Structure formats: C-alpha cells, structure tokens
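These are the residues of each chain, in order.
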Amino acid sequence: MRIYSWNVNGLRAISKKNFFDWIRSENPDILCVQETKIQEATLDDKLRNINGYHSYFSFAQKKGYSGVAVYTKFKPISVKHGIGIPEFDSEGRILTMEFKDFTLLNIYFPNGQMSQERLNYKMNFYNAVLNYCNFLVSQNRKLVICGDYNTAHTEMDIKNAKANEKNSGFLPMERQWLDKFIKNGYTDTYRYMNPQKVEYSWWSYRFKARERNAGWRIDYHFVSNNLLKRVKKAAILTQVTGSDHCPILLEMI
DNA sequence: CGTAATACG
C-alpha cells in the first residue's frame, strides 16, 4: 500500500506538465493532492476521471484558491468534506476517507505568511485538526494524516533555520504545535524511518531556491501511533519537478 | 518566481 501526497500548486497547470506521466510511472495506490486551485466548474473530465482511480475533490469558495483532492484505487467506505467548522470548511482544505483498516486525512494546512490574521487562522486550524484527530482515535480509528502542514519542524527540516525563525513556517509556536501533535500520539513517519536524513519537500520559486537546495520539509505523512507498526517506508521524491513541492511517499504493509 | 485571477503563496 503506497500513499503519496503532493502539493501540486495548481492541478490544471501540473496536468499540462508531468502529472499524468508521473501517475502512470509511479502507480500510486492512493494519491493525495493539495492546492488544486480549481472549482467544480473548471474541473474537466481528464482530471476527474483518471483510469483506475476513484477521485474526490474539496473546493474552496474562493476561485483559483486552495482545494484538495484524493485519487484512490480503493473505493472508500465513506468520504467527508471538512470537519464541521464553517470557517475552516469554506476553504476546501480537508478530506477524510474511511477505508477498511485505516482512515485517511488529506489536509492543506493554511499558510500564515500573509498577515497576523492568517497566522491566527492557521494556529486555530491546527488546534481544530488536533481535536478532530483525537476524536477519531478515541473512536478506535487508525489515522494517516498527510498533506502540506506549512511548517518545518526542527532545524534539520530547513536549510536556513536562523534566518527563518521569525517567519511563519518556522515560528516557535508553529513548531511547538508539531511537538504537541507528536505528544498526543502521532508520528512523523519520514523522521521515524529516516532519523538522520536531511531532505526537503518545498523550495520557493524565488531566488533560485531549488537549485541552491534552500528548502523546507513541510509536507508530511503523520500516522496515529496505533498504526505505526504498519509503516514500512517513508520517502521524499526530491527529483520530481512540476511544482514548488515534490511528492512524498508512505509505504505501509 | 509561479499559478490563476488581478490575490496568494
């Protein structure tokens, strides 16, 4: 079972680049994408119906903004949009789907760089997701929580730690939320499987950041610890281009 | 710098 997560930075844009070829060669069992930047009205058949996959989309109300989707070979038992909180659900950031032996959450966490207001929104979103995950685990669900968390956890997870400690994405309070998430019984599968490895999943399009490898690891597959024994491999596909993020992989037995 | 709409990341 191979679950991929990829912030594609515009589904229409990447579909004109390497998206379909990449799916054919990588053959994901489940593919979670973030920042689809698409609405129901602009979603064409080619993106909705990919051979061999069921597809599910959550849209933001704002045009060309946010949005997540899941392509899955296995038909989910149930699909839920959002978490029942209107201020978070209006931005198309969360899809939850229940499979036979685990529950998948595909989440595009807010970016907090625009303003103090958006940083507050991001922190409130983080806390709402933690409560939601804890509720699901209390119902004996086993969770894979993947997506773009928009925060690098430790100094290992960012090229220029010192220069970014006052920037949203590497603020102490954002990093401390990831600590809190872990303390609540969730595991960053990449760090669990690769304790010493330094790789990133996102590079700014500006300042030739990717060629300089001035990156951040902000995309994660977390699992609730009741699922940890099934984790076989976690990786970052740093060679894949087409977006400012690269795909990440979780392999489970 | 890039996507997609003229804002946001």
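Everything numeric in this text was worked out from a predicted model, so none of it was measured.

## What to know about the overall build of chain A
Scanning chain A for helices and strands turns up 8 helices and 14 strands. The C-alpha radius of gyration computed for chain A amounts to 17 Å, which stays within 12% of the reference 18 Å derived for 253 residues, consistent with globular compactness. Across its three principal directions, the C-alpha atoms of chain A cover 45 × 40 × 35 Å. Residues counted as buried form 57% of the 253 residues belonging to chain A. Relative to all contacts within chain A whose residues are 6 or more apart in sequence, the contacts with residues 24 or more apart total 70%.

## What about the pairing of strand S14 (residues 248–252)?
Most of S14 is tucked away, with 5 of its 5 residues classed as buried. Burial along S14 is two-sided: the face carrying Ile248, Leu250 and Met252 and the face carrying Leu249 and Glu251 are both buried. Bridge count for strand S1 (residues 2–7) against S14 is 4 bridges, and the pairing is antiparallel. Among the inter-strand pairings, arginine 2 is bridged to a residue of S14, identified as glutamate 251. Pairing analysis gives 5 bridges linking strand S13 (residues 231–236) to S14, with the strands arranged antiparallel. In the sheet register, isoleucine 236 faces S14, and the bridge partner there is isoleucine 248.

## What to know about the protein's contact with DNA strand B
Inspection of the region around DNA strand B gives 16 residues, with Gly10, Lys17, Lys62, Tyr65 and Tyr205 positioned closest. Within 4 Å of the protein, atoms of DNA strand B come from sugar and phosphate in 81% of cases. Within the side chain of asparagine 111, one N or O atom sits 3.2 Å away from a sugar or linking oxygen of DNA strand B. At 3.0 Å from a sugar or linking oxygen of DNA strand B is found a main-chain nitrogen or oxygen belonging to tyrosine 205. Top element by residues in the surface near DNA strand B is helix H1 (residues 11–15). It accounts for 3 residues.

## Here's the deal with the side chain of asparagine 150
Along the polypeptide, asparagine 150 turns up in the loop between strand S8 (143–148) and helix H6 (161–164). At 3.0 Å, the side chain of asparagine 150 forms a polar contact with the backbone oxygen of phenylalanine 109. Residues contacting asparagine 150, with those up to four places away along its chain left out, are Tyr108, Phe109, Pro110, Asn111, Lys122, Tyr126, Gly169 and Ile218.

The rules behind each value
Residues numbered from 1 in each chain as written. Chains lettered and ligands numbered in written order. Predicted model: local features only at pLDDT ≥ 70, side-chain atom pairs only at ≥ 80, totals over all residues. Heavy atoms only, no water. Helix = DSSP H or I, 4+ residues; strand = E, 2+ residues; numbered from the N terminus. Rg over C-alpha atoms; globule rule 2.2 N^0.38 Å. Buried < 20%, exposed > 50% of the residue type's maximum accessible area, 1.4 Å probe, protein only. Contact = heavy atoms within 4.5 Å. Pairing = 2+ DSSP bridges. Near = heavy atom within 4 Å. Polar contact = N/O pair within 3.5 Å; in protein donor to acceptor, adjacent residues only side chain to side chain.

Shape descriptors only; they carry no functional weight alone.
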